[in-house]
Amino acid sequence: MPELNIDELPEQTLYAIGKMVFQREKQMLKVQSQFDYCLDLTANANSALRTAPKP
């Protein structure tokens, strides 16, 4: 793949690329947030199981 010379790209192309990168970053942050939430739920469940009274 030829190297991309950013100086030769029209402004609209640069804007479109930036917008795509920004959207992907937002998506990744959302996934990270959901993942962190799942980890918290798992930790809470494990803690509850450890401290639950034994039958």
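Here, every reference points to the structure presented above.
Residues numbered from 1 in each chain as written. Predicted model: local features only at pLDDT ≥ 70, side-chain atom pairs only at ≥ 80, totals over all residues. Heavy atoms only, no water.

Some points on the overall build of the protein chain
For the record, the criterion: Numbering of helices and strands runs from the N terminus; a helix is a DSSP stretch of H or I covering at least four residues, while a strand is a stretch of E covering at least two. Within these notes, the globule rule equals 2.2 Å times the number of residues to the 0.38 power, and the radius of gyration is based on C-alpha atoms. Reported accessibility uses the Shrake-Rupley method at a 1.4 Å probe radius. Residues are deemed covered only where the shown protein chains occlude them.
In terms of helices and strands, the protein chain carries one helix and zero strands. Computed over C-alpha atoms, the radius of gyration of the protein chain comes to 22 Å, more than 25% over the 10 Å expected from 2.2 N^0.38 for 55 residues, which places it beyond the range of a compact globule. By its C-alpha atoms, the protein chain is 70 × 20 × 10 Å across when sized along the principal axes. Carbon and sulfur atoms provide 62% of the accessible area of the protein chain, an area that totals close to 5,600 Å².

Things to note about the environment of Cys 38
Relative to the elements of secondary structure, Cys 38 occurs in helix α1 (residues 11-51). Between the C-alpha atom of Cys 38 and that of Ala 16, which follows or precedes it by 22 residues, the distance is 33 Å.

Overview of a nonpolar patch on the surface
Definition in use: In this analysis, a patch consists of residues with relative accessible area above 30% that form no salt bridge, clustered at 9 Å for like charges and at 5 Å for the nonpolar side chains Val, Leu, Ile, Met, Phe, Trp and Tyr. A carboxyl oxygen of Asp or Glu within 4 Å of a side-chain nitrogen of Lys or Arg is what we treat as a salt bridge.
A cluster of nonpolar side chains, Leu 4, Leu 14, Ile 17 and Val 21, forms an exposed patch at the surface whose accessible area comes to about 340 Å². Mapped onto the fold, Val 21 is located in helix α1.

Some remarks on the environment of Ala 48
Quick note on the threshold: Whether a residue is buried, partly exposed or exposed follows from its accessible area with a 1.4 Å probe, protein chains only, as a fraction of its type maximum: under 20%, in between, or over 50%, in that order.
Along the chain, the position of Ala 48 falls in helix α1. Owing to a relative accessible area of 44%, Ala 48 belongs among the partly exposed residues under this scheme.

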